[in-house]
Amino acid sequence: MLIPDDVSVVLVRHGETEWSSSGRHTSFSDIPLTPHGRDVAHLLAARLAGVEFSLVLSSPRKRARETCTIAGFGDRAEVTDDLAEWDYGEYEGRTTADIRTTVPDWTIFSHGAPGGETADEVAVRADRLIERSERAGGLVAMFSHGHFLRVLGARWIGLAPSGGALLGLDTATLSFLGHEREQHVLRMWNG
């Protein structure tokens, strides 16, 4: 895969799990990839073949580490808690429809989750990773999760963490964070 020279970070969302396919919010539960999730992780491997990363980081969750390994970077990946999914607290394992029976119009971006992380706490982790990728130099790969990566994308372009609500992200996709001169930009999202 040809990655433009002005890309600094490649974000990789993990492949499908049973919970992601059914819409259940999954942060700290360690759910493995489905067979389909493993199949699409192999497609990511083909897309990333030959790409040289200066640093490869992965969430500690099995689904992200498994995607990273199948994609061909497991032996190089450094596991960091900073890439873990947004902690859903009491909403772990629940669907949006279920949560909205008691909290109409709920989204993680607008309401957060009781007993979980706030948007600002997630943004602190995202900001640390942005700083770390800039210090690393070269091209950095990050294997992580949907809501967290959406906050990371928003923070990259200078938005509040709630800006991640505008960045839909499917499983087993790539997103490129780059530059236009000195400005941080999204070069590709959800590809």
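Above this text is the structure in question.
Okay, so let's go over this structure. Please read all numbers here as calculations on a predicted model, not as lab measurements.

1. Description of the overall build of the protein chain
Regarding its fold elements, the protein chain presents 7 helices and 6 strands. Seen in sequence order, the protein chain has helices and strands lined up from the N terminus as β-α-α-β-α-β-α-α-α-β-α-β-β. Principal axes of the C-alpha set define a box for the protein chain whose edges measure 50 × 40 × 25 Å. Within the protein chain, buried positions represent 52% of all 191 residues. A fraction of 67% describes how many contacts in the protein chain between residues 6 or more apart in sequence connect residues 24 or more apart. Both charge centroids of the protein chain, one from 19 positive and one from 27 negative side chains, sit 2 Å from each other.

2. So, the pattern of salt bridges
Enumeration according to the criterion identifies 9 salt bridges in this entry. For Arg187, the salt bridge is made with Asp6, and the minimal N-O distance between the two is 2.8 Å. Here Arg187, found in strand β6 (residues 183-188), pairs with Asp6, found in the segment before β1 (7-13); they are 181 residues apart in sequence, far enough to count as distant. For Arg187, a relative accessible area of 34% gives the class partly exposed. Among the residues examined, Asp6 registers a relative accessible area of 27% and is labelled partly exposed. Linking Glu78 and Arg132 is a salt bridge whose minimum nitrogen-to-oxygen distance equals 2.5 Å. On the criterion of sequence distance, the pair formed by Glu78 in strand β3 (residues 78-79) and Arg132 in helix α6 (residues 119-136) is long-range, its members being 54 residues apart. Taken together, the salt bridges that share partners define one network made up of Asp6, Glu180, Arg181 and Arg187.

The rules we used
Residues numbered from 1 in each chain as written. Predicted model: local features only at pLDDT ≥ 70, side-chain atom pairs only at ≥ 80, totals over all residues. Heavy atoms only, no water. Helix = DSSP H or I, 4+ residues; strand = E, 2+ residues; numbered from the N terminus. Buried < 20%, exposed > 50% of the residue type's maximum accessible area, 1.4 Å probe, protein only. Contact = heavy atoms within 4.5 Å. Lys, Arg positive; Asp, Glu negative; His and termini not counted. Charge placed at Lys NZ, Arg CZ, Asp CG, Glu CD. Salt bridge = Lys/Arg side-chain N within 4 Å of Asp/Glu carboxyl O.

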